[in-house]
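Spelled out, the chains give:
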Amino acid sequence: LFHCEVFAFDPTSNFPEIIAPGVTFHKLGLQGKGGTNISLTHSEMYDAIDPTKLRTLEEIVKLLGHEDRQIDVLRMDCEGCEYGVLKELACNDGSGSSG
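Rules and cut-offs
One numbering rule holds for all chains: residues counted from 1, following each sequence as written. pLDDT decides what is reported in this predicted model: residues at 70 or higher carry local features, side-chain atom pairs at 80 or more are listed and counted, and totals for whole chains, interfaces and linings draw on all residues regardless. The side-chain numbers reported here are obtained from all heavy atoms of the structure, hydrogens and water having been left aside. Three labels apply to residues, based on accessible area from a 1.4 Å probe with only protein chains included: buried if under 20% of the type maximum, exposed if over 50%, partly exposed otherwise in between. The helix and strand labels rest on DSSP assignments: H or I over at least four residues marks a helix, E over at least two residues marks a strand, and numbering proceeds from the N terminus. Here, any two strands with at least 2 DSSP bridges between them count as paired.

**Brief notes about the pairing of strand 3 (residues 23-26)**
Logical step 1: Going residue by residue along strand 3, you find Val23 and Phe25 tucked away on one face and Thr24 and His26 tucked away on the opposite face as well.
Logical step 2: Sheet topology note: the strand 1 (residues 6-9)/strand 3 ladder contains four bridges and is parallel. Counterpart to Ala8 in the pairing with strand 3 is Phe25.
Logical step 3: Pairing geometry for strand 2 (residues 18-20) and strand 3, over two bridges, is antiparallel. Each bridged residue has a counterpart across the sheet, and for Ile18 the counterpart in strand 3 is Thr24.

**Some remarks on the environment of Val61**
Logical step 1: Take Val61: it is sitting in helix 1 (residues 57-64).
Logical step 2: For Val61, a relative accessible area of 7% gives the class buried.
Logical step 3: For the pair Val61 and Ile71, spaced 10 residues apart in the sequence, the C-alpha separation amounts to 9.3 Å.

**Comments concerning the environment of Cys4**
Logical step 1: Along the polypeptide, Cys4 turns up in the segment before strand 1.
Logical step 2: Look at Cys4 and you get partly exposed, because its relative accessible area is 48%.
Logical step 3: Taking the C-alpha atoms as reference points, Cys4 and Val23, separated by 19 residues in sequence, lie 9.0 Å from one another.

Written as C-alpha cells, this is what we have:
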C-alpha cells in the first residue's frame, strides 16, 4: 500500500522471517558501537541476551545490503541501547553507515 519495507529485530522473539507482506523479521538486536559489552548499552534487566545476536546499526545496514539507502524511520525500543545507537548516528552522516 505505501510501498515501503519494514525490518523488525528482536533477539528474544521467535517470529517467522516474513511477518506480513513487506515486513521482514530478524532475530538480532541493536547495540551501540563498542563491542558486545551489553552493559554499556542495555539495562541490567537484559544482561542475559546472547551478545552474538547483537549488531550495531552500521552492521545491520551492511547485512541488509542497504549501504546506499536512506533510513526514513528508525524506531527503537531496546532497553537502553538507544543511547549508544544515537551516539553512533550523531558521529556519522546519520545513515547508520560511517562511509
